[in-house]
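Summary of structural features
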Amino acid sequence: MDKSKVISLKEKFDTIVQTIEDENVEFWYARELMMLLGYVRWENFEVAIHRAVESCKTTDIIPSDHFREVTKMVALGSGANRPIKDYMLTRYACYLIAQNGDPKKEEIAFAQSYFAVQTRKQEIIEERIQFIERTDARGRLKESEKRLSQNIYERGVDDKGFGRIRSKGDTALFGGHSTSDMKKRLGVNDNRPLADFLPTVTIAAKNLATELTNYNVEDKDLYGEFLITAEHVQNNVSIRELLEQRGIKPENLPVSVDIKKLERKVKTEAKKLANISGKLPPKEDDNNE
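The structure reproduced in this document is the subject of the present report.

Reading the values: rules and limits
- Residues numbered from 1 in each chain as written.
- Predicted model: local features only at pLDDT ≥ 70, side-chain atom pairs only at ≥ 80, totals over all residues.
- Heavy atoms only, no water.
- Helix = DSSP H or I, 4+ residues; strand = E, 2+ residues; numbered from the N terminus.
- Phe/Tyr/Trp six-rings, centres within 6.5 Å; stacked < 30°, edge-to-face > 60°.
- Buried < 20%, exposed > 50% of the residue type's maximum accessible area, 1.4 Å probe, protein only.
- Lys NZ or Arg CZ within 6 Å of the ring centre and 35° of its normal.
- Salt bridge = Lys/Arg side-chain N within 4 Å of Asp/Glu carboxyl O.

**Some details on the environment of Leu96**
Turning to its location among the elements, Leu96 is positioned in helix H4 (residues 91-99). Measuring from C-alpha to C-alpha, the distance between Leu96 and Ser55 comes to 7.2 Å, with 41 residues separating the pair along the chain.

**What to know about the packing of aromatic side chains**
The tally for this structure, following the rule as stated, stands at 11 aromatic pairs. Look at Phe27 and Tyr29: their rings are 5.2 Å apart centre to centre, the planes differ by 90°, and that puts the pair in the edge-to-face class. Across this residue pair, the class does not change: Phe27 and Tyr29 are buried. Ring pairs connect the aromatic residues Phe13, Trp28, Phe110, Tyr114 and Phe115, which therefore count as one cluster. Seen from the ring of Trp42, Arg31 lies directly overhead, with NZ or CZ sitting 4.0 Å from the centre. Across from the ring centre of Tyr114, 5.7 Å away, lies the NZ or CZ of Arg91, which sits over that ring.

**Some points on the pattern of salt bridges**
Taken as a whole and assessed by the stated rule, the structure comprises 22 salt bridges. Asp65 serves as the salt-bridge partner of Lys279, at 3.9 Å between the closest nitrogen and oxygen. With a gap of 214 residues between them, Lys279 in the segment after helix H11 (259-277) and Asp65 in the loop between helix H3 (42-58) and strand E3 (67-75) connect regions that are remote in the sequence. Assessed through its relative accessible area of 15%, Asp65 is described here as buried. Two residues, Arg140 and Asp136, come together in a salt bridge whose shortest N-O distance is 2.2 Å. Pair noted here: Arg140 and Asp136 are both in helix H6 (residues 122-153), with a separation of four residues, about one helical turn. When its relative accessible area of 21% is taken as the criterion, Asp136 is described as partly exposed. Among the charged side chains, a salt-bridge network with shared partners connects Arg138, Arg192, Asp196 and Asp258.

Next up, the structure:
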């Protein structure tokens, strides 16, 4: 996500934050948040709220501390007022709602970071968005490699053959450097996947090459290690050429932080978020609008 988009979304989310006086608790109204998260129908967003409430229950946190149904009065064209249902949502509640959304949508990816961090500093939010993009890319690569493994197994290639095919693909992508070479180059232990230490652009490149291989193996009904290896190598060569046109050589990019380490950090932060968010006041103190 580019910087201008982050700035724009941050301004919008900052605009609708509410604060409970004397409680030092921030909250957001669901109907205002709904539009920023890309929802059009209230019924659909309420389903997302209910899913978040269920997620809250699984962590042994009292949902009413973070989700509060309220009634708001809205003006009609006739001048009369009509009551509508709304919810007060703490930062933790908003985070759970965002976590149940699709991170491929920019609004959801931004919200997952915006509500997860204790500060509204833009650079911290950007850093977390980059982590989300990287983990999403890593997940897609795992799925495409799993599909390739299944594809080639059905076409006469065993697990060792799959390893050789994937390694030769890496050698083509990294300009002659094998998977083992790249692990040494980046200081990665032999028992860890190289992709866990690669930057997002390289993970995405590996995924695209693998997806192309999957497509052509199925479309051309390729059989045997020789033909599938040739296909996979050619796809990695093509992706490398594309990257080089943009001034990128994958083997020269710096190592990224261990993605597993980042995942553990995010989980730890999420556990602390409920306490950091504070609690909504007792129900009798609610001020409906």
